[in-house]
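# Tertiary structure, described
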Amino acid sequence: MRITKFEHACVRVEYDGHRIVLDPGTLTRPEAVDGATAVLVTHEHADHYAPDTLRRTEAAIYTIAAVAAKLREDAPDVAERVTVVEPGQHLDVGVPVDVVGRTHAEILPDLHFDNSGYLLDLGGTRVFHPGDALTVPEAEVDLLLLPVSAPWLKASESVGFAREVGAARSLAIHDLVYSEFGLGVMDTHLARVLGPTGQDYVRLRPGEDL
């Protein structure tokens, strides 16, 4: 198993010959999808969704109805490769995947978006990418891909989410909103709270592997 952190919210998971890329948006280098066997997109915001990047790969794409609708407008050629998923659905994208949650975290009271996270089972190791939501899966999580900076996110919410999920390890994602100083503050908070409970927290540079 190999987990590669790319810019912002994008992560590539490699397991048993499969290469699954999650949320390769406009803030992520396009090469993140090279060699992908499947691409999962949580929602329609540009930092998670980039039609030109999706054109770069011929991999199957799995995403929610709102993203599929945008792709039909933005890139009809890509839309032909989309499988629309629903919350609670179980998928096989080379590895088993559960679709978790329906709603994006609140940004403003009059802004509402759909969002579904993905819980991947890598031979018994469960990796969860929540997208832009704080929905806790019903199943146990071993590695949480943890949002640490966003207009919709407070530090206390990120820390509380990590504690509630209870993963043995949390890897920082959604990390281009804060300065390096702000991310350092988040690193300190998360390590201080999660460490005493035996939960590990790590933040990687783009391109680094876990």
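The structure this text deals with has already been given above.
My aim in this report is to walk through the structure given alongside it, one point at a time. (Residues numbered from 1 in each chain as written. Predicted model: local features only at pLDDT ≥ 70, side-chain atom pairs only at ≥ 80, totals over all residues. Heavy atoms only, no water.)

### Regarding helix 5 (residues 180-194)
Inclusion rule: Note on conventions: DSSP H or I runs of at least 4 residues are helices, E runs of at least 2 residues are strands, and numbering of each starts at the N terminus. For a helix, the expected span equals 1.5 Å multiplied by the number of residues minus one. Buried, partly exposed and exposed residues are distinguished by accessible area as a fraction of the type maximum, computed with a 1.4 Å probe on protein chains only: under 20%, between the cut-offs, and over 50%, respectively. The directions from the helix axis to the C-beta atoms form the arc being described.
When the terminal C-alpha atoms of helix 5 are compared, their 21 Å separation across 15 residues agrees well with the 21 Å that a helix rising 1.5 Å per residue should span. Listing the buried residues of helix 5 in full gives Gly182, Leu183, Met186, Asp187, Leu190 and Leu194. Buried positions in helix 5, seen along its axis, are confined to an arc of 145° and lie on one side of it. With respect to the buried face of helix 5, the exposed residues turned more than 90 degrees away are Phe181 and Arg192.

### Overview of the packing of helix 4 (residues 155-165) against helix 5
This is how it is decided: Fitted lines through C-alpha atoms give the axes, limited to the stretch in contact for helices. The angle between two N-to-C directions lies from 0 to 180 degrees. Left-handed describes a crossing whose near helix is turned anticlockwise from the far helix through less than a right angle; right-handed describes the clockwise counterpart. Residues are treated as being in contact if the distance between any of their heavy atoms lies within 4.5 Å.
Contact geometry of helix 4 with helix 5 gives a least axis separation of 10 Å together with a crossing angle of 35°. In this structure, helix 4 meets helix 5 at a crossing whose hand is right-handed. Of the residues in helix 5, those in contact with Ala155, Ser158, Val159, Ala162 and Arg163 of helix 4 are Met186, His189, Leu190, Val193 and Leu194.

### Remarks on the side chain of histidine 129
Here is the rule: Polar contact is the term for a pair of N or O atoms within 3.5 Å; when the atoms are in protein, one must be able to donate a hydrogen and the other to accept it, and sequence-neighboring residues count only if both atoms are side-chain atoms.
For histidine 129, the location among the structural elements is in strand 10 (residues 125-129). We classify histidine 129 as buried; its relative accessible area is 1%. Within the structure, histidine 129 has its side chain in polar contact with the backbone nitrogen of glycine 131 (distance 3.0 Å). Contacts of histidine 129, omitting those with residues within four sequence positions, involve Ala9, Leu22, Asp23, Thr42, Gly117, Tyr118, Leu145 and Ile173.

### Some details on helix 2 (residues 65-74)
Within helix 2, the full set of buried residues consists of Val67, Ala68 and Leu71. In an axial view of helix 2, the angular spread of the buried residues amounts to 100°, which keeps them on one side of the axis. In helix 2, the exposed positions that point more than 90 degrees away from the buried face belong to Arg72 and Glu73. At its buried positions, helix 2 is contacted by strand 4 (38-41), helix 1 (51-55), strand 5 (60-63), helix 3 (76-79) and strand 6 (82-84).

### Quick notes on the pattern of salt bridges
Counted only if it meets this: Definition used for salt bridges: Asp or Glu carboxyl oxygen within 4 Å of a side-chain nitrogen of Lys or Arg.
In this structure the tally under the stated criterion is 14 salt bridges. Here arginine 19 ties to glutamate 14 by a salt bridge, and the two come within 3.1 Å at their closest N and O atoms. With relative accessibility at 16%, the residue glutamate 14 sits in the buried group. Residue aspartate 200 is joined to arginine 169 by a salt bridge in which the shortest nitrogen-to-oxygen separation is 2.7 Å. Of the two residues, aspartate 200 is situated in strand 13 (residues 200-202) and arginine 169 in strand 12 (residues 169-173); the sequence distance between them amounts to 31 residues. Residues joined in a network through salt bridges with shared partners are Arg2, Arg12, Glu14, Arg19 and Asp209.

### Quick notes on unusual backbone geometry
As a rule of thumb, non-glycine residues mostly have phi less than zero, and peptide bonds are mostly trans rather than cis. In the Ramachandran plot, aspartate 16 falls in the positive-phi region, its phi being about 55° despite a non-glycine side chain. Structurally, the position occupied by aspartate 16 is in the loop between strand 2 (11-15) and strand 3 (18-22). The exposure class assigned to aspartate 16 is exposed, which follows from its relative accessible area of 64%. Even without a glycine there, the phi angle at aspartate 23 is positive, about 55°. Its location among the elements puts aspartate 23 in the loop between strand 3 and strand 4.

Nothing here speaks to function; it is geometry throughout.
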